[in-house]
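Tertiary structure, described
Residue-level listing of the chains:
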Amino acid sequence: AEAYRIVVSPTLPTIPLFTLAGYLLAESNASERLVKIFKELFGWIPGGTPIVIILLCGFFTALTGGSGVTILALGGLLLPMLLKEGYSRSFSLGLLTVSGSIGLLFPPSLPAIIYGVTAGVSVKDVFLAGIIPGAVLISLISCWALYQGRTQKIILNKFSLKKSLKASLYGKWELLLPIIILFGVFGGFTTLVETAAITVIYVFIIEVFIYKDLTFYDMPRIIVDCSTLIGGVLIILGVAMGLTSYLVDAQIPMTLLSWVKSNISNKYTFLLALNIFLLIVGCLMDIFSAIIVIVPLISPLGNYFGIEPVHLAIIFIANLELGF
């Protein structure tokens, strides 16, 4: 019954559509073009290349949903680049792993969509609320990258306006993609599903007809790879929702609420405990199933302590992202 409820959810098509767009970008040379653009714009800063990688991975993760696809798609390109510039192997591996999940607070993040559907919160509100915390996370990691760039004595690029403009013009079609998504989601002209469909068509046109990185013969393989991932995610979601329904029927959320009422006195203690708990969950569970299993347990507690539902959503996604 729960698996069927997912299948008939009106927002479900956004998950395969945005993921397919991410796969098409990952299979094309989009990452190389974007690396070149960001490198010309930020390569003159100490730690500029790691900042480029953080921005690039954040962009891809927002589309692919933080399922490790970003690390698989970009790791082979970006790790040698960092090592060649003189960054240590441990820092390079750590940065790529962290950056592989850093875009989950930005539109069109799949965990944000799934959270909205599960908790009955407006997906658009979750996207809006996630922009500043997401920017803070990226800024903090960028500061660490700047520090590493200084301590590891990396040779810097010289800034060239001409080269920056040339790279930006060449990759302009991919640079327009976030604007199209944000305009679709927040402009009120299209629904989330329509925005996802437009994104796939746009990516398909630019990669097949404009840049010619992909051909029609590549499509079956890419679609099968994407379908395999999405199929796995949907099976996890179906089973997780079944487990959640069992937990609700067994009145576990109510038992948990009564335990918390008797042991935790104020909302700040609850929030601190919640952050630690969610970090552990993020380490141990797949992010999609974690949202579906844990949200119904935590939502009543959030209501009891008077925590705004969208605020709770951001705490949830940010902690799972860090734990992942």
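Residues numbered from 1 in each chain as written. Predicted model: local features only at pLDDT ≥ 70, side-chain atom pairs only at ≥ 80, totals over all residues. Heavy atoms only, no water.

Topic: helix H17 (residues 309-323)
Given a rise of 1.5 Å per residue, 15 residues ought to cover 21 Å, and the 21 Å separating the end C-alpha atoms of H17 matches this to within 8%. H17 sits mainly inside the fold: 12 of its 15 residues count as buried. Those residues of H17 that fall on the buried side of the exposure criterion are Val 310, Leu 312, Ala 313, Ile 314, Ile 315, Phe 316, Ile 317, Ala 318, Asn 319, Leu 320, Glu 321 and Gly 323. Structurally, H17 contributes buried residues whose contacts are with helix H7 (110-119), helix H8 (123-151), helix H15 (267-284) and helix H16 (287-304). Residue Glu 308 occupies the N-cap position of H17, its side-chain oxygen lying 2.9 Å from the main-chain nitrogen of Val 310. (Helix = DSSP H or I, 4+ residues; strand = E, 2+ residues; numbered from the N terminus. Expected span 1.5 Å × (residues − 1). Buried < 20%, exposed > 50% of the residue type's maximum accessible area, 1.4 Å probe, protein only. Contact = heavy atoms within 4.5 Å. Polar contact = N/O pair within 3.5 Å; in protein donor to acceptor, adjacent residues only side chain to side chain.)

Looking at the state of the cysteines
Note on terminology: disulfide describes a covalent bond linking the sulfur atoms of two cysteines. Summed over all chains, the structure comprises zero disulfides. In this structure Cys 57 is a free cysteine whose sulfur lies 18 Å from that of Cys 143, the closest cysteine sulfur available. Here Cys 283 stays free of any disulfide, with the sulfur of Cys 57 as its closest cysteine sulfur at 19 Å. (Disulfide = S-S within 2.5 Å.)

Considering the layout of surface pockets
When its volume is computed, the largest pocket comes out at roughly 450 Å³. Around the largest pocket, the lining is made up of 19 residues, and of these Leu 55, Gly 58, Phe 59, Phe 106 and Pro 178 lie nearest the centre. Tallied by class, the residues present in the lining of the largest pocket amount to 17 nonpolar, one polar and one charged. The calculated volume of the second largest pocket comes to roughly 330 Å³. Looking at the second largest pocket, it is lined by 20 residues, and the ones nearest its centre are Arg 5, Val 117, Thr 118, Met 241 and Ile 292. For the lining of the second largest pocket, the leading source of residues is H7, giving five residues. Along the lines of polarity and charge, the residues of the lining of the second largest pocket split into 12 nonpolar, six polar and two charged. (1 Å grid on protein atoms, 1.4 Å probe; cavity = no way out; pocket = protein on both sides within 12 Å on 5 of 7 lines; lining within 4 Å. Points joined across faces, edges and corners; volume = space filled by probe spheres on them. Nonpolar A, V, L, I, M, F, W, Y, C, P; charged D, E, K, R; others polar.)

Some thoughts on the packing of aromatic side chains
Applying the stated criterion across every chain yields a total of 11 aromatic pairs. Judged by centre distance (5.7 Å) and plane angle (85°), the rings of Phe 59 and Phe 60 are edge-to-face. Judged by its relative accessible area of 17%, Phe 59 is buried. Residues Tyr 304 and Phe 305 carry aromatic rings whose centres are separated by 4.9 Å and whose planes lie at 75° to one another, so their mutual orientation is edge-to-face. Judged by relative accessible area, which is 41%, Tyr 304 ranks as partly exposed. Given the relative accessible area of 11%, Phe 305 is considered buried. Clustering of aromatic rings is evident, with ring pairs tying together Phe 204, Phe 209 and Phe 216. Against the face of Tyr 211 rests Arg 33, its NZ or CZ located 3.7 Å from the ring centre. (Phe/Tyr/Trp six-rings, centres within 6.5 Å; stacked < 30°, edge-to-face > 60°. Lys NZ or Arg CZ within 6 Å of the ring centre and 35° of its normal.)

Looking at a nonpolar patch on the surface
Together, Trp 173, Leu 176, Ile 179, Ile 201, Ile 205, Phe 209, Ile 210 and Phe 216 make up a nonpolar patch on the protein surface, roughly 740 Å² of accessible area in all. In terms of residue count, the dominant contributor to the nonpolar patch is helix H12 (residues 192-210) (four residues). Take Ile 205: it is sitting in helix H12. (Patch = residues over 30% accessible without salt bridge, like charges linked within 9 Å, V, L, I, M, F, W, Y side chains within 5 Å. Areas by Shrake-Rupley, 256 points an atom, 1.4 Å probe, with all protein chains shown as cover. Salt bridge = Lys/Arg side-chain N within 4 Å of Asp/Glu carboxyl O.)

A few points about helix H3 (residues 30-42)
With 13 residues, H3 should cover 18 Å at 1.5 Å per step; its first-to-last C-alpha distance of 18 Å lies within 8% of that length. Among all positions of H3, only Ala 30, Ser 31, Arg 33, Leu 34, Val 35, Ile 37, Phe 38 and Glu 40 are buried. Close packing links the buried residues of H3 with helix H2 (14-27), helix H4 (48-64), helix H5 (69-85), helix H9 (161-170), helix H10 (172-175) and H12.

Thoughts on the packing of H2 against H7
Put simply, H2 and H7 touch, their axes get as near as 10 Å, and they point 175° apart. In terms of their interaxial angle, H2 and H7 are classed as roughly antiparallel. The segment H2 lies against H7, with Thr 14, Ile 15, Phe 18 and Thr 19 engaging Leu 110, Ile 113 and Ile 114. Here the residues of the contact of H2 with H7 sort into five nonpolar, two polar and no charged. (Axes fitted to C-alpha atoms, helices over the stretch in contact; angles between N-to-C directions. Parallel < 35°, antiparallel > 145°, perpendicular 65-115°, else oblique.)

Some thoughts on a positive patch on the surface
On the surface, Lys 36, Lys 162, Lys 163 and Lys 166 cluster together into a patch of positive charge. Summarising the element assignment, Lys 162 is placed in helix H9. Classification of Lys 162 as exposed rests on a relative accessible area of 72%. (Lys, Arg positive; Asp, Glu negative; His and termini not counted. Charge placed at Lys NZ, Arg CZ, Asp CG, Glu CD.)

Remarks on the packing of H16 against H17
Remark: H16 packs on H17, axes separated minimally by 11 Å, with the N-to-C direction vectors making an angle of 140°. The orientation of H16 with respect to H17, classified from their angle, is oblique. Crossing of H16 over H17 shows right-handed handedness. Contacts between H16 and H17 involve Ile 287, Ala 290, Ile 291, Ile 294, Val 295, Ile 298, Ser 299 and Gly 302 from the former and Leu 312, Phe 316, Leu 320 and Glu 321 from the latter. Its residues placed into classes, the contact of H16 with H17 shows nine nonpolar, two polar and one charged. (Left-handed = near helix turned anticlockwise from the far one by under 90°.)

Focus: the environment of Ser 160
Within the secondary structure, Ser 160 is located in the loop between H8 and H9. Here Ser 160 falls in the partly exposed class, since its relative accessible area comes to 22%. On a C-alpha basis, the gap between Ser 160 and Asp 213 in space is 27 Å, while along the polypeptide they are 53 residues apart. In terms of polar contacts, Ser 160 uses its side chain to reach the backbone amide nitrogen of Lys 163, at 3.2 Å.

Geometry only, nothing functional implied.
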